[in-house]
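# Close look at the chain arrangement
What follows is the residue order along each chain.
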Amino acid sequence: MKLDRKSGFTLVELLVVIAIVGILVGMLFPAIQQVRESARNTSCKNKMRQIGLATLNFESTYQSLPPARLYPKSGALPPLDKGTSQPSWLVRLMPYLEEIDLYEKWDLDAEYEDQIDEITEQSLEVFICPTRRTLAQAATPNSVQQFNYRAPCGCGGNFFIRIVGGATGDYAGNHGDLSPGVNGTPEDYYWGGNGTGTIISSQATEAPDGCLDWIDRITFATIIDGSSNTYLAGELHVSPANLNRTPFNGPIYNGEDLAAFTRVGGPGVPIATNKDFVASSVLGFGSWHPGVCNFVSVDGSVRSINNYLDTVTLGQYCNRRDGDFIVD
């Protein structure tokens, strides 16, 4: 009598198949991750392009790029002693980013801490790099912190500061390079009118109606190196450990917190080589994209720049008026 034998897999054959599938998945996973990161990087560049176009539309209205913030020079006397924490340039862009309703809730003449929480805590999707975080992860709380600040020159010290919380973001205006100085003198880059970039701190004056106007206007005529050779904005560097922590990644609308919405680049301040890069200061640009950092130029073009770009060339891109023309 002949017995019928049922067909099927043996345990050994099943284990071999599972092992092969596992190997194939392992081989495909890096490729899938690369595709996802490529999509995120493209999204990031599109957001920077939106910021660039919004800034150009602002310029068409005011014949000037927006001021990074309103801030006096060191030791300024009336009437040029105005400006402290009034809203940053990112608030001024809102009407050109289809956020007019949010914009109209801001008082551009009032200090940041006097604005309502509803608006200070609301970041926008266009200010968020998808490689770094989601919109829900873009906020820093109120706090009082002690900082040990060190500039590239080695100067600095310990100080306490009350941190008013609010929305955070991933893009920063180009405040220039460090050629004006960062030595505790009136010529330092962060005082009103001293920046060599395109989105700089500006002195303010009070109009007869009580509103504040900015004095140090960056126009196309003042960008002598050309709009395609000068950065408008870039991704700001912040490590995972310092995400949403002031001064590394503070509230982007608070004019007092300059590093939250502008950065500098050049000798002494390189592009961060990776997301875990330990910087000597909070001033520099950097991204979480592998190997590159995205920048938008004044003409609205967006480019991914190698993280190892030499600092001299980086400084030439950041300085609007150094007379050094770069040929790609």
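Look above for the structure.
A brief look at the structure comes next. Given the structure is predicted, the values throughout are model-derived calculations rather than measurements.

### Here we look at the overall build of the protein
Scanning the protein for helices and strands turns up five helices and 13 strands. Among the 328 residues that make up the protein, the fraction classed as buried is 48%. The contacts in the protein between residues at least 6 apart in sequence include a share of 67% that link residues at least 24 apart.

### Remarks on the sheet that holds strand β6 (residues 171–176)
One open sheet accounts for five strands, arranged β11-β6-β10-β12-β13; its pairing is mixed. Where the open sheet ends on each side, the last strands, each with one partner, are β11 (262–264) and β13 (302–306). Taking the axes of each pair of neighbouring strands and ignoring which way they run, one obtains an average angle of 40 degrees across the sheet. As defined by bridge partners, β6 adjoins strand β10 (residues 231–235) across three bridges and the pair is classed as antiparallel. Bridge assignment links Y171 to a residue of β10, and that residue is E235.

### Examining helix α5 (residues 311–318)
Among the eight residues that make up α5, six are buried, leaving the element largely enclosed by the rest of the structure. Of the residues making up α5, those classed as buried are T313, L314, G315, Q316, Y317 and C318. Summarising the contacts, the buried residues of α5 are in contact with β6, β10, β12 (292–297) and β13.

### Description of the environment of M48
Among the secondary structure elements, M48 is positioned in helix α1 (residues 11–62). Residue M48 is classed as buried on the basis of its relative accessible area, which comes to 1%. As a C-alpha pair, M48 and S297 span 249 residues in sequence and 9.6 Å in three-dimensional space. Here M48 is in contact with Y171, A233, G234, E235, N294, F295, V296 and V302, once residues within four sequence places are set aside.

### Here we look at the nonpolar core
If you look at the biggest cluster of nonpolar residues, it comprises 52 residues, and the most contacted ones within it are W89, L90, L93, M94, W106, F127 and Y253. Secondary structure elements with two or more residues in this core: α1, α2 (89–92), α3 (100–103), β9 (212–214) and β10. For this core, the element with the most residues is α1, which contributes five residues. M94 has contacts with E99, I100, L102, Y103, W106, L124 and Y253, leaving out every residue within four places of it along the chain. Listed in part, the 13 residues of the second largest apolar core include I271, L309, L314 and C318.

### Focus on the packing of aromatic side chains
Working definition: an aromatic ring pair is given by the centre-to-centre distance plus the angle between the planes. Applying the stated rule across the entire model yields 12 aromatic pairs. Where Y231 meets Y317, the ring centres are 4.8 Å apart and the plane angle is 20 degrees; that geometry is what we call stacked. Of this pair, Y231 sits in strand β10 while Y317 sits in helix α5; the two residues are 86 residues apart in sequence, bridging distant segments of the chain. Classification of Y317 by relative accessible area gives buried; the value is 5%. Three or more aromatic residues link up through ring pairs in this structure, and these residues are F58, Y62, Y96 and W214. The ring of W214 is capped by R217, whose NZ or CZ atom sits 3.9 Å from the centre of that ring.

### A word on the environment of T84
Along the chain, T84 falls in the loop between β1 (69–70) and α2. It is 7.0 Å that separates the C-alpha atoms of T84 and E111, two residues lying 27 residues apart in sequence. Setting aside residues up to four positions removed in sequence, T84 forms contacts with L70, Y71, E111, G255 and E256.

### Structural notes on the pattern of salt bridges
Overall, the coordinates contain seven salt bridges when judged by the stated rule. Here K82 and D81 are joined by a salt bridge, their closest N and O atoms 3.2 Å apart. By relative accessible area, K82 is classed as partly exposed at 22%. In this structure, the salt-bridge partner of R133 is D170, at a minimum N-O distance of 2.6 Å. Placement of R133 in the loop between α4 (117–120) and β2 (139–140) and of D170 in the loop between β5 (166–167) and β6 is noted, with a sequence separation of 37 residues between them. Taking the relative accessible area as the measure of exposure, D170 reaches 0% and is therefore buried. Residues participating in the shared-partner salt-bridge network are R132, R133 and D170.

### A closer look at a nonpolar patch on the surface
Together, L11, L14, L15 and I18 give the surface a local cluster of nonpolar side chains, amounting to about 420 Å² of exposed area. Its location among the elements puts I18 in helix α1.

### Structural notes on the pairing of β10
Counting buried positions along β10 gives five out of five residues, so the element sits mostly inside the fold. Across three bridges, the pairing between β10 and β12 is antiparallel. Looking across to β12, one finds that G234 is bridged to F295.

### Here's the deal with the pairing of β13
Here five bridges tie β12 to β13, and the two strands are oriented antiparallel to one another. Bridged to V292 within β13 is N306.

Rules of the game
- Residues numbered from 1 in each chain as written.
- Predicted model: local features only at pLDDT ≥ 70, side-chain atom pairs only at ≥ 80, totals over all residues.
- Heavy atoms only, no water.
- Helix = DSSP H or I, 4+ residues; strand = E, 2+ residues; numbered from the N terminus.
- Buried < 20%, exposed > 50% of the residue type's maximum accessible area, 1.4 Å probe, protein only.
- Contact = heavy atoms within 4.5 Å.
- Pairing = 2+ DSSP bridges.
- Axes fitted to C-alpha atoms, helices over the stretch in contact; angles between N-to-C directions.
- Core = buried A, V, L, I, M, F, W, Y, C linked by side-chain atoms within 4.5 Å.
- Phe/Tyr/Trp six-rings, centres within 6.5 Å; stacked < 30°, edge-to-face > 60°.
- Lys NZ or Arg CZ within 6 Å of the ring centre and 35° of its normal.
- Salt bridge = Lys/Arg side-chain N within 4 Å of Asp/Glu carboxyl O.
- Patch = residues over 30% accessible without salt bridge, like charges linked within 9 Å, V, L, I, M, F, W, Y side chains within 5 Å.
- Areas by Shrake-Rupley, 256 points an atom, 1.4 Å probe, with all protein chains shown as cover.

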